[in-house]
Amino acid sequence: MKILIFGMGNIGKSTVGELLARKIGYDFIDMDTKIKEKYGTMLGFQYERDELRAEMIASWIQENENVVIALSPIAYLDAYEDFFEDSDIICFDLTDRAENIFKRLEFTDDNDNLLHIPQSYLNKHKAYYMHEIQADFDYFHTLYASKMDSISMDGKSLDEIVEDICKKYKLV
């Protein structure tokens, strides 16, 4: 079984994916880490980047019998249609409220290096960031909603989220 975790940036795909993989005894792949290892940087233009990502996912799916893959935000889903139709692949969109995402907001440069932004600066510009987070959520959730289920993180511990996923997809 292959599990692909979709969602917007800072939603918690890698954290949840790693915990889920550990619980069910699957391999775990963090797409952002693999891209950085392979290319030395994050990928450029959106469409070309999503095409390359689809190729990478296809190879990981062939190489791994049981794997959880935390995906980078994907904007162009055309290259992913085969994954949505494959009965051996579970795809879901991880969601949360904007307020919760704001609390764990991280910023990176073009090479995915973590930038340290003072909390005082974030708080001063909270309205702006909340608007941007909500816009990203609306865009990605609308895009993913027709293709896959959603798993809400709202108000749940990481263990509860992983348990919800396991129950929903009968993984344990």
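The shown structure was predicted, so the numbers you read here are calculated from the model rather than taken from an experiment. (Residues numbered from 1 in each chain as written. Predicted model: local features only at pLDDT ≥ 70, side-chain atom pairs only at ≥ 80, totals over all residues. Heavy atoms only, no water.)

1. Re the packing of helix H1 (residues 13-24) against helix H8 (residues 158-168)
- Remark: H1 packs on H8, axes separated minimally by 10 Å, with the N-to-C direction vectors making an angle of 60°. Considering their axes alone, H1 and H8 lie oblique with respect to each other. The two elements H1 and H8 cross, and the hand of that crossing is right-handed. Contacts from Thr15, Val16, Leu19, Leu20, Lys23 and Ile24 in H1 reach Leu158, Ile161, Val162, Glu163, Ile165 and Cys166 in H8.
- Tallied by class, residues from the contact of H1 with H8 come to nine nonpolar, one polar and two charged. (Axes fitted to C-alpha atoms, helices over the stretch in contact; angles between N-to-C directions. Helix = DSSP H or I, 4+ residues; strand = E, 2+ residues; numbered from the N terminus. Parallel < 35°, antiparallel > 145°, perpendicular 65-115°, else oblique. Left-handed = near helix turned anticlockwise from the far one by under 90°. Contact = heavy atoms within 4.5 Å. Nonpolar A, V, L, I, M, F, W, Y, C, P; charged D, E, K, R; others polar.)

2. Focus: the pattern of salt bridges
- Within this structure, the stated rule accounts for nine salt bridges.
- Its salt-bridge partner being Glu18, residue Arg22 comes within 3.9 Å of it at the nearest N-O pair. Residue Arg22 and its partner Glu18 are both found in helix H1; the two are separated by four residues, about one turn of the helix. (Salt bridge = Lys/Arg side-chain N within 4 Å of Asp/Glu carboxyl O.)

3. Quick look at H1
- Relative to the 16 Å expected for 12 residues at 1.5 Å per residue, H1 spans 16 Å between its end C-alpha atoms, a close match to the ideal helical length.
- For H1, every residue scored as buried is listed here: Lys13, Val16, Gly17, Leu20, Ala21 and Ile24. What you see down the axis of H1 is that its buried residues fit within an arc of 130°, all on one side.
- In the core, the buried residues of H1 are packed alongside strand S1 (2-6), strand S2 (27-30), strand S3 (67-70), strand S4 (89-95) and H8.
- Looking one or two residues past H1, Gly25 carries a phi angle of roughly 75°, positive in sign. (Expected span 1.5 Å × (residues − 1). Buried < 20%, exposed > 50% of the residue type's maximum accessible area, 1.4 Å probe, protein only. Arc of directions from axis to C-beta.)

4. Examining the nonpolar core
- Counting 53 residues, the largest nonpolar core has Ile3, Phe6 and Ile57 as the members making the most contacts within it.
- When residues of this core are assigned to their parent elements, the largest contribution, six residues, is made by helix H7 (residues 126-145).
- Residues contacting Ile3, with those up to four places away along its chain left out, are Leu20, Ile24, Tyr26, Val67, Val68, Ile69, Ile90, Phe92 and Leu171. (Core = buried A, V, L, I, M, F, W, Y, C linked by side-chain atoms within 4.5 Å.)

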